[in-house]
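Below, each chain spelled out in residue letters.
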Amino acid sequence: MKAHYELIKNEKNTKARLGIMHTNYGDFETPMFMPVGTQATVKTLSPEELKEVHSGIILANTYHLWLRPGEDVVNKAGGLHKFMNWNGPILTDSGGFQVFSLSKPKDVTEEGVKFKNHLNGDNLILTPEKSIEIQNKLDSDIAMSFDECVGFPHTRKYIEDSVERTLRWAKRGKLVHKNEKQALFGIVQGAEFEDLRKHCCEELIKMDFDGYSIGGTAVGEPKDVQYMQVEYSCKYLPVDKVRYLMGVGDPIDIIENTIRGVDIFDCVAPTRLARHGHALTKYGKINLKNAKYKEDFTPIDENCDCYACKNYTKSYIKHLINADETFGARLLSIHNIRYLTKLCEDLREAIKNDTILDYKEEFIKNYYGKEKNK
RNA sequence: GCGGAAUUGGUGAAGUGGUUAACACGCCGGAUUGUGGCUCCGGUAUGCGUGGGUUCGAUUCCCACAUUUCGCC
């Protein structure tokens, strides 16, 4: 069986959707936040801890696992689930984001994208076919097409060419996709141009993917542009397939884009922020390095059910972060991921009750309001 | 008691008779969006042991004192 989406309910006042993703490694409800585990591990967390924070699915990265340890090693281990001892769903990114973060414009060719291996300097080329072959071997539940993720700003002409290339790459990848238990998603590009997003959606739908990702967001564009890009994508996507917004994980953005019809999110923010000493709270992001927490013997959030909040104080976690102890990063990662999965639980509840706009208003009032008064 | 050396921010320290006293760490803030993990960006000594003197001008030269330290009796 391939992973597939079941639509449960549309929210009455917005485009928000409640759904279930069925996979061979369990089902999860959407909207859902997906933590990032680039190198077959969500940094600092064990699989048991990931279960505890209610991660329905995690993301791993094709580019990194290709370079190290190599897809054949993972394949011989019995696939990514066995290799990393995670028996929940896994989605793999295609390496498309590395097109944005690691390559220069001249490195993007029709064949694929040239990279310099960051571990040993080798010149490499990642192609749509190679990306899919690697993902087939990694044996994730959901694979991504290899796309070109273009940064912001950019010219319309470049996006026009890039979208066509991404479509050709999607088709090439689909042709070599052989893993029958693995779903394959197409990626919508087109930046902030509605006609290009529409065109991209229509062409991808013709290829009949198992789900659709919205790409080209979270690359430095203003918030209103991001929301527009999501609207211009969801508008043209089929209702019976899941929609995954790539790279977005700011709490407000999760709410705004859920309202616009997105089902799955991923972001490095909760884990990266954790390693740098930040915690997400109802009243905004706080920096535990700040001196004011030195003798704050209360939990990050008294109402949070995570292991960190149930057992540790801000003062202690601040001490761990200041002393560069990894346990601090682990406690904050647990909290931040739980914060986002709980946010998604709340959003699902609000969709059931058709109260998502009220939820958003209340959330923003708390998140920005008190933070600014501090 | 005698002789020498030293005294620069929270710490280790560089430095010069003349605009804003280097650098590092720490500290105080900020950033971080399909992760090239442990990064990046700011701020942080109105003052160079204390008191005099020389000089147009002294943290820098001179004197005294204090403190620290080394050696000798």
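Look up: the structure comes first, before these words.
Residues numbered from 1 in each chain as written. Chains lettered and ligands numbered in written order. Predicted model: local features only at pLDDT ≥ 70, side-chain atom pairs only at ≥ 80, totals over all residues. Heavy atoms only, no water.

### A short note on the overall build of chain A
Per the secondary structure count, chain A includes 15 helices and 15 strands. Expected size for 374 residues packed as a compact globule is a radius of gyration near 21 Å; at 20 Å, chain A falls within 12% of this value. Across chain A, the fraction of contacts at a sequence separation of at least 24, relative to all contacts at a separation of at least 6, is 68%. Carbon and sulfur atoms provide 50% of the accessible area of chain A, an area that totals close to 15900 Å². Positive and negative side-chain charges of chain A, numbering 53 and 55 respectively, have mean locations separated by a distance of 2 Å. (Helix = DSSP H or I, 4+ residues; strand = E, 2+ residues; numbered from the N terminus. Rg over C-alpha atoms; globule rule 2.2 N^0.38 Å. Contact = heavy atoms within 4.5 Å. Areas by Shrake-Rupley, 256 points an atom, 1.4 Å probe, with all protein chains shown as cover. Lys, Arg positive; Asp, Glu negative; His and termini not counted. Charge placed at Lys NZ, Arg CZ, Asp CG, Glu CD.)

### Here we look at the pairing of strand E12 (residues 242–245)
Side-chain alternation along E12 places Val242 and Tyr244 on one buried face and Arg243 and Leu245 on a second face that is also buried. The pairing of strand E11 (residues 211–214) with E12 spans four bridges and is classified as parallel. Within E12, the position partnered with Gly211 by the bridge is Val242. The handedness of the E11 to E12 crossover, carried by helix H9 (residues 223–234), is right-handed. (Buried < 20%, exposed > 50% of the residue type's maximum accessible area, 1.4 Å probe, protein only. Pairing = 2+ DSSP bridges. Right-handed = clockwise from strand over helix to strand, strands pointing away.)

### Here we look at the protein's contact with RNA strand B
The environment of RNA strand B is formed by 38 residues, the closest being His118, Cys149, Ala218, Val268 and His278. Asp93 is positioned such that a nitrogen or oxygen atom in its side chain is 3.0 Å from a sugar or linking oxygen of RNA strand B. One nitrogen or oxygen atom from the side chain of Lys223 is found 3.2 Å from a base oxygen belonging to RNA strand B. Residue assignment for the surface near RNA strand B shows that the elements contributing at least two residues are strand E5 (58–61), helix H5 (96–101), strand E13 (264–267), helix H11 (269–275) and strand E15 (284–287). The leading source of residues in the surface near RNA strand B is H11, at four residues. (Near = heavy atom within 4 Å. Polar contact = N/O pair within 3.5 Å; in protein donor to acceptor, adjacent residues only side chain to side chain.)

### Here we look at the pattern of salt bridges
A full pass over the atoms with the stated rule returns 28 salt bridges. Across the salt bridge formed by Glu202 and Lys198, the nearest N and O atoms sit 3.3 Å from each other. Linking Glu202 with Lys198, this pair stays in helix H8 (residues 194–207), spanning four residues, or about one helical turn. Overall, Glu202 belongs to the partly exposed group, its relative accessible area being 35%. Assessed through its relative accessible area of 33%, Lys198 is described here as partly exposed. Ionic pairing is found between Asp253 and Lys223, a salt bridge with its closest N-O pair at 2.7 Å. In this pair, Asp253 sits in helix H10 (residues 251–259) while Lys223 sits in helix H9, placing the two residues 30 residues apart along the sequence. Residue classification places Asp253 among the buried residues on the basis of a relative accessible area of 4%. Linked by salt bridges that have partners in common, Glu231, Glu256, Arg260 and Lys360 make up one network. (Salt bridge = Lys/Arg side-chain N within 4 Å of Asp/Glu carboxyl O.)

### So, the packing of aromatic side chains
In the structure shown here, the tally under the stated rule is eleven aromatic pairs. Between Tyr312 and Tyr316 the ring centres are 5.5 Å apart and the planes differ by 20°, which places this aromatic pair in the stacked class. Judged by centre distance (6.1 Å) and plane angle (35°), the ring pair of Tyr359 and Phe363 falls under tilted. Note that Tyr359 and Phe363 are positioned in helix H15 (residues 356–373) at a spacing of four residues, about one turn of the helix. For the pair Tyr359 and Phe363, one class covers both residues: buried. The lysine or arginine in question, Lys51, covers the ring of Trp86, its NZ or CZ lying 4.4 Å from the ring centre. (Phe/Tyr/Trp six-rings, centres within 6.5 Å; stacked < 30°, edge-to-face > 60°. Lys NZ or Arg CZ within 6 Å of the ring centre and 35° of its normal.)

### Examining the nonpolar core
One recurring pattern in soluble globular proteins is that nonpolar side chains are buried together. Core analysis: the largest hydrophobic core is formed by 48 residues, its most contacted members being Leu204, Ile254, Leu343 and Phe363. Sorting elements by how many residues they give to this core places helix H14 (residues 326–352) first, with seven residues. The contacts of Ile254, once residues within four sequence positions are left out, are Phe33, Val248, Gly249, Phe265, Leu340, Leu343, Cys344 and Leu347. Counting 44 residues, the second-largest nonpolar core is a separate cluster that includes Tyr63, Ile134, Ala279 and Cys304. (Core = buried A, V, L, I, M, F, W, Y, C linked by side-chain atoms within 4.5 Å.)

### Focus on the environment of Ser101
Along the chain, the position of Ser101 falls in helix H5. Note: C-alpha distance between Ser101 and Leu175 (74 residues apart in sequence) is 27 Å.

### What to know about H8
Its 14 residues give H8 an end-to-end C-alpha distance of 20 Å, which sits within 8% of 20 Å, the value for a rise of 1.5 Å per residue. Three or more residues of H8 are buried, namely Leu196, Arg197, Cys200, Cys201, Leu204 and Met207. The buried residues of H8 occupy an angular sector of 135° when projected down its axis, which confines them to one face. Residues of H8 that are buried sit in contact with helix H7 (156–176), strand E10 (183–188), E11 and H9. Directly beyond the C-terminal end of H8, a positive phi value near 60° is found at Asp208. (Expected span 1.5 Å × (residues − 1). Arc of directions from axis to C-beta.)

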